[in-house]
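Coordinate inspection notes
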Amino acid sequence: MRFLFLLFLGIFIGTQPAQADWTLAPNGNWISQTPTAIGVSVDGVKALSLTCANGSPLIYTSGYPATPGQNRQDSFTVTVEGRDFPVTGEHSPPDGLWTGSPPAGLVDALKKGRLADIRPPGQGKARMSLKGSSRAIDAALAGCMPM
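Residues numbered from 1 in each chain as written. Predicted model: local features only at pLDDT ≥ 70, side-chain atom pairs only at ≥ 80, totals over all residues. Heavy atoms only, no water.

Quick look at the overall build of the chain
For the chain, the helix and strand inventory stands at three helices and nine strands. Put simply, the chain runs from its N terminus to its C terminus through helices and strands in the order α-β-β-β-β-β-β-β-α-β-β-α. Counting all 147 residues of the chain, 41% fall into the buried class. Taking the contacts inside the chain whose residues are at least 6 apart along the sequence as the reference set, 49% of them involve residues at least 24 apart. Of the roughly 8500 Å² of accessible surface on the chain, 58% is carried by carbon and sulfur atoms. (Helix = DSSP H or I, 4+ residues; strand = E, 2+ residues; numbered from the N terminus. Buried < 20%, exposed > 50% of the residue type's maximum accessible area, 1.4 Å probe, protein only. Contact = heavy atoms within 4.5 Å. Areas by Shrake-Rupley, 256 points an atom, 1.4 Å probe, with all protein chains shown as cover.)

A word on the state of the cysteines
A full pass over the atoms with the stated rule returns one disulfide. Between the sulfur atoms of Cys52 and its disulfide partner Cys144 the distance amounts to 2.2 Å. Here Cys52 is found in strand 3 (residues 47–53), whereas its partner Cys144 is found in the segment after helix 3 (133–140), with 92 residues between them in sequence. For Cys52, a relative accessible area of 10% corresponds to the buried category. (Disulfide = S-S within 2.5 Å.)

Describing helix 3
Because an α-helix completes one turn every 3.6 residues, residues spaced three or four positions apart along the sequence face the same direction. For helix 3, the complete set of buried residues consists of Ser133, Ala136, Ile137 and Ala140. Each buried residue of helix 3 lies within a common arc of 95° when the element is viewed along its axis, so the set occupies one face. Tucked inside the fold, the buried residues of helix 3 contact strand 1 (22–25), strand 2 (36–40), strand 3 and helix 2 (106–112). (Arc of directions from axis to C-beta.)

Focus on the side chain of His91
The residue His91 is located in strand 6 (residues 83–92) in this model. Within the structure, His91 has its side chain in polar contact with the side chain of Trp98 (distance 3.4 Å). Excluding residues that lie within four positions of it along the chain, His91 makes contacts with Gln70, Asn71, Arg72, Asp74, Leu97 and Trp98. (Polar contact = N/O pair within 3.5 Å; in protein donor to acceptor, adjacent residues only side chain to side chain.)

Examining the sheet that holds strand 4 (residues 56–62)
To summarise the sheet geometry, strands pair through backbone hydrogen bonds and adopt either a parallel or an antiparallel arrangement. Strand order across the open sheet formed by nine strands is 1-2-3-4-7-6-5-8-9, with antiparallel pairing between neighbours. Looking along the sheet, the strands with just one partner apiece sit at the ends: strand 1 and strand 9 (126–129). This sheet shows a mean twist of 30° between the axes of neighbouring strands, independent of strand direction. For strand 2 and strand 3, the ladder comprises five bridges, and the chain directions are antiparallel. Of the residues in strand 3, the one forming a bridge with Ile38 is Ser49. (Pairing = 2+ DSSP bridges. Axes fitted to C-alpha atoms, helices over the stretch in contact; angles between N-to-C directions.)

Some remarks on the pattern of salt bridges
Applying the stated criterion across every chain, the model contains four salt bridges. Two residues, Lys46 and Asp43, come together in a salt bridge whose shortest N-O distance is 3.2 Å. The exposure class of Lys46 is buried, given its relative accessible area of 16%. (Salt bridge = Lys/Arg side-chain N within 4 Å of Asp/Glu carboxyl O.)

Observations regarding the pairing of strand 9
Along any regular strand the residues' side chains alternate between the sheet's two faces. Pairing analysis gives four bridges linking strand 8 (residues 115–119) to strand 9, with the strands arranged antiparallel. Looking across to strand 9, one finds that Asp117 is bridged to Arg127. Taking the residues that link successive antiparallel strands as the turn, the strand 8-strand 9 hairpin has six residues, and the phi of Gly122 there is positive, at about 75°.

Some thoughts on the pairing of strand 3
The buried count for strand 3 comes to six of seven residues, which makes it a mostly enclosed element. The turn linking strand 3 back onto strand 4 is made up of two residues, and Asn54 within it adopts a positive phi angle of 55°.

Looking at the environment of Thr34
Among the secondary structure elements, Thr34 is positioned in the loop between strand 1 and strand 2. Setting aside anything within four residues of it in sequence, one finds Thr34 in contact with Ala25, Pro26, Asn27, Gly28, Thr51 and Cys52.

And the structure:
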């Protein structure tokens, strides 16, 4: 009887869908009202998001401490499988937010990779799993013009 219970438990656990580390916010969030793919860092605090804004992909990272200062041009780096992708755009210190257009190859790297590190200047590295990123990113960017 114990064997049958363990067999049933193994089958039940084995047939549960794998949980993805990336999700899709179908109605966007405070940055964009369009579908947004969101990956959360392993510490559960920081996020990397992709959405479609004005017909083009927009990538942004958030969850960093707010500091005083005016919005300004700045960059952050996304590293996927050892390859660095600098993202240049706007930094909003009061929001702890960096935004920009993803450089060539970044979207594909995020969809195909296993891990990403995000490094805004003056901040520590945030690591995130890319599990489930392909499906969420494809859905978020479906309305964008071809890159």
